[in-house]
Every structure is written in structure tokens, then in C-alpha cells.
Amino acid sequence: MIRQHRLKIVGIVIMVAATGILMYLYGEATKGQRQQRAIAEQIIRLHVIANSDTDEDQELKMKVKETIVTYLRGEMQDATSVDEARQAIREHLPEIEEIAAEKMRAEGYEYTAEATLGESYFPVKEYGDLTFPAGNYEALRVRLGESAGHNWWCVMYPSLCFVDSTYQVVPDASKERLKDSLTREEYDSLLDGGEEVSYSWKAGEWLKNLFG
């Protein structure tokens, strides 16, 4: 009888502790998701999708993205806010399609290019020493040909795109612009590292399913 009573007490203690842990994790995950949405409101990403996964099409994708990044840096250099950057991209969607198609023709391909601005889902991604959490972000999407291959992405505004992928150092000017657009806590969350960001997001998804 005493043993059963002790087991019942232990069971209650474990249940209370587990509930406390779950609620803490849920709170942290919810906080991480709020931060992700706040960060997403201040940036625009670039998403280039290859025609296929052949080596040739993947190499072509990288050449096209370099052309697009170089072009947009020139067109967006005077943008001082995400709204101005968005307007510049919208105004130049036809030109983006044309320079992408031109680059592909110069490389011997007759694929079409389609450029749109809208919301897309992105996994956790590092740019230099900044780690962006997974979630939905506004993005310029450039689809090449059948757009059935692996994609490439970066942050187009503020400019965190690297033309030379071997030299991934985020420009200080871009960091400062991003820092000015976010709260201290939101910006610091980008410096926390991928494991914490990824863990927080996965915990949120798991707990959301658990609690319906």
C-alpha cells in the first residue's frame, strides 16, 4: 500500500515536471516563431530554381544567379528600406527575366526564365556569421526552364548574396542596415547559431502537433 502511494507521488511529480518542461519549450518555440516573422518582414530573399539536376543545368543556375545578383545590386543600391527594395524588384521583373534568358542563350541554352515576387518557405540557412531561421519569407523567385532542379537562395535585401561563394563574409553595411531594422533581441537571435534556431523551430512544430 505504501509502495503504491509512493509510486503515485512519483508519477505526479514526473507529470508536473514534464508539463513544466513542455510549456517552457512551447514558450521558447513560440518566441522563436515570432522572431522569425519579425525578421521576415525586413528582408527579401532570392530563390533561383534550376531547369534540372544535371551538372550542366546546375552550373548554368549558378551563372544565372551571379548575373541577377550583380544586376540587382546596381538597381537596388539606393534602396534604404524593404519597401523601396520591393518596389525596385517589382519594377524590374521583366528585365530580370530578360537578363536571365540572355545569359542562358549566351551559354547555349534556350530555356525560358520566369521572375515573380511572393512568399516562399526556406529552411534554416547561414550567411557568413548570421543564421536565419526556417519559415516563410518574401522572395524573388526565378524559375529556369522546367524549374525541376535543386535551387539556390540568398538574402537579396539587405544584400547578403555572395557572387563568389568561396568568400562568404557578410558586408558590414548590410549588417548595420539589418541591425537598424530589427530589435536587439531579433538581431542577436541571428547570431545564436544554427543549432539553437533549428532546435527552437523543430520544438515548435512538434509541440504544435502535440497540442493540436
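Quick caveat: nothing in here was measured; it's all calculated off a predicted structure.

Chemist: Quick question: what am I supposed to make of the packing of aromatic side chains here?
Modeler: Any pair of aromatic rings gets described here by the distance separating the centres and the angle formed by the planes. All chains considered together, the criterion is met by 4 aromatic pairs. Look at Phe-122 and Tyr-137: their rings are 6.0 Å apart centre to centre, the planes differ by 80°, and that puts the pair in the edge-to-face class. With Phe-122 in strand S2 (residues 113-122) and Tyr-137 in strand S5 (residues 135-144), the pair connects residues that are 15 residues apart, well separated along the chain. Of the two residues, Phe-122 and Tyr-137, neither departs from the other in class, the shared state being buried. An aromatic cluster is defined as three or more aromatic residues linked by ring pairs; in this entry it consists of Phe-122, Tyr-137 and Trp-153. Arg-45 extends its terminal NZ or CZ atom over the ring of Phe-122, reaching a point 4.2 Å from the ring centre. The ring of Tyr-137 carries the charged tip of Arg-45 above its face, separated from the ring centre by 4.5 Å.

Chemist: Would you mind showing me how to read the pattern of salt bridges here?
Modeler: Note that side chains of opposite charge can pair when their charged atoms are close. Under the defined criterion, the tally for this structure stands at 8 salt bridges. Linking Asp-83 and Arg-86 is a salt bridge whose minimum nitrogen-to-oxygen distance equals 2.7 Å. In this pair, Asp-83 and Arg-86 both sit in helix H3 (residues 82-91), 3 residues apart, roughly one turn of the helix. In this structure, Lys-175 and Asp-129 form a salt bridge, with 2.8 Å as the shortest nitrogen-oxygen distance. Here the residue Lys-175 occupies a position in helix H5 (residues 172-181), and Asp-129 occupies one in the loop between strand S3 (125-127) and strand S4 (130-132), the gap between them amounting to 46 residues. When salt bridges with common partners are traced through the structure, they connect Glu-59, Lys-63, Lys-103 and Glu-107 into a single cluster.

Criteria and cut-off values
- One numbering rule holds for all chains: residues counted from 1, following each sequence as written.
- Local features in a predicted model are, by the rule used here, given only for residues with pLDDT of at least 70; side-chain atom pairs are given and counted only at 80 or more, and totals for whole chains, interfaces and linings are based on all residues.
- Hydrogens and waters are ignored; side-chain quantities use all the structure's heavy atoms.
- Each aromatic pair joins two rings of Phe, Tyr and Trp (for Trp, the six-membered one) with centres within 6.5 Å, and gets the label stacked for planes under 30 degrees apart, edge-to-face for over 60, and tilted for any other angle.
- Only runs of H or I of at least four residues qualify as helices and only runs of E of at least two qualify as strands under DSSP, and these elements are numbered from the N terminus.
- Partly exposed residues are those whose accessible area sits between 20% and 50% of the maximum for their type, while under 20% is buried and over 50% is exposed, using a 1.4 Å probe and protein chains only.
- When the NZ atom of lysine or the CZ atom of arginine is within 6 Å of a ring's centre and also within 35 degrees of its normal, the charge is said to sit over that ring.
- For salt bridges, the criterion is a side-chain nitrogen of Lys or Arg within 4 Å of an Asp or Glu carboxyl oxygen.

Everything listed is a geometric property; what it means functionally is a separate question.
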